Every structure is written in structure tokens, then in C-alpha cells.
Amino acid sequence: QVQLAESGGGLVQAGDSLRLSCAASGRNFNDYTVGWFRRAPGKGREFVARIRWSGGGTYYADSVKGRFTISRDNDKNTVYLQMNSLKPEDTAVYYCAAATRYYSDYVLPYQYAYWGQGTQVTVSS
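Nothing here was measured: the structure is a model prediction, and the numbers come from that model.

Non-glycine residue Asn 77 carries a positive phi angle of around 50°. Tracing the chain through its elements places Asn 77 in the loop between strand 7 (68–73) and strand 8 (78–83).

This is the structure:
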């Protein structure tokens, strides 16, 4: 069992930066691929970024590529999402999730077994 807790959300202006954290507890977290998803009002859950257990193998949605960076510190059981040049369309609840099985891409919600409760990010224009 893995428990995930996101933090770092808030209200910022367009162009600002935020860093989200995903703190994990439980067994074998460092063996799992971790992803970030987001849900904007009235929309479905959207893939944002993911990182493999080793810290390599990062992959981003086109909408955030070049602005967001995902990283992990396995010593701290924490995954980060650095978000720069934020836009109003980045406004959403952001979730981290851990995948326990192997997939080739890890971009779909069903591929993740454990989810956090989410943290709100609001970007004003």
C-alpha cells in the first residue's frame, strides 16, 4: 500500500512559478513510476508528466513541455513538479499517482494504482 500527499498548490499570476511536491509513504515507492495529472473545471483528468523509478525516463504532455519539469528524490520519497511560465489554462487540481505495473507509456489514469487527494493550482491572468 502507498499513500500519496500533494502540496505546493496556490493562487499565482500568469508567468509565475510553483513547485508541487508529492510525498509518499509505504513500501516500494521508489520502484514505481510516478505521474502527475490534472483536472480542470468541467474536464476530465489529463496527463501532465511522468518519471520512471530511476529518475530517468521523463515524459511530458505537449501542453507543458518546456515549462514543467518532473523530478524525484528517492531518499526523501518525494516527486516534484516544477511549473514555470504558468498560464491561466494551467488552472486545475493537480494529482500525483504511482503505477505498480509495467506499461510502455504511463499516460493514462487507469495505469496508476495509487492516487493522492490533489492540490489546487489557480493561475490568474
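Read on, since the account is not over.
Glancing now at the state of the cysteines. Going through the model one piece at a time under the given rule, you end up with one disulfide. Covalently, Cys 22 is tied to Cys 96 through a disulfide, its sulfur atoms 2.1 Å apart. Residues Cys 22 and Cys 96 are joined through a disulfide that is right-handed, its torsion about the S-S bond being 70°. One end of the pair, Cys 22, is in strand 3 (residues 18–26); the other, Cys 96, is in strand 9 (residues 92–99), with 74 residues separating them in the sequence. Cys 96 sits in the buried class, given a relative accessible area of 0%.

Attention now moves to the pattern of salt bridges. Tallying each qualifying case throughout the model produces four salt bridges. A salt bridge links Arg 38 to Glu 46; the shortest N-O distance between them is 2.8 Å. On the basis of relative accessibility, which here comes to 31%, the residue Glu 46 falls in the partly exposed class. Across the pair Arg 38 and Asp 90 runs a salt bridge whose closest N-O atoms are separated by 2.9 Å. Remark: Asp 90 occurs in the loop between strand 8 and strand 9 and Arg 38 occurs in strand 4 (residues 33–39); sequence separation between them is 52 residues. Residue classification places Arg 38 among the buried residues on the basis of a relative accessible area of 6%. For Asp 90, a relative accessible area of 0% puts it in the buried group.

The next thing to look at is the packing of aromatic side chains. If you walk through the whole model with that rule in mind, you get nine aromatic pairs. By way of ring pairs, the aromatic residues Phe 37, Phe 47, Tyr 59, Tyr 95, Tyr 103, Tyr 106, Tyr 110, Tyr 112 and Trp 115 are connected into one cluster. We note Arg 45 situated over the ring of Tyr 95; from NZ or CZ to the ring centre the distance is 4.4 Å. Lying over the aromatic face of Trp 115, Arg 45 brings its terminal NZ or CZ to 4.4 Å of the ring centre.

On to the side chain of Thr 91. Take Thr 91: it is sitting in the loop between strand 8 and strand 9. Separated by 2.9 Å, the side chain of Thr 91 and the backbone oxygen of Pro 88 make a polar contact. If we skip the residues at most four places from it in the chain, Thr 91 touches Ala 40, Pro 41, Gln 120, Val 121, Thr 122 and Val 123.

What counts and how
Residues numbered from 1 in each chain as written. Predicted model: local features only at pLDDT ≥ 70, side-chain atom pairs only at ≥ 80, totals over all residues. Heavy atoms only, no water. Helix = DSSP H or I, 4+ residues; strand = E, 2+ residues; numbered from the N terminus. Disulfide = S-S within 2.5 Å. Buried < 20%, exposed > 50% of the residue type's maximum accessible area, 1.4 Å probe, protein only. Salt bridge = Lys/Arg side-chain N within 4 Å of Asp/Glu carboxyl O. Phe/Tyr/Trp six-rings, centres within 6.5 Å; stacked < 30°, edge-to-face > 60°. Lys NZ or Arg CZ within 6 Å of the ring centre and 35° of its normal. Polar contact = N/O pair within 3.5 Å; in protein donor to acceptor, adjacent residues only side chain to side chain. Contact = heavy atoms within 4.5 Å.

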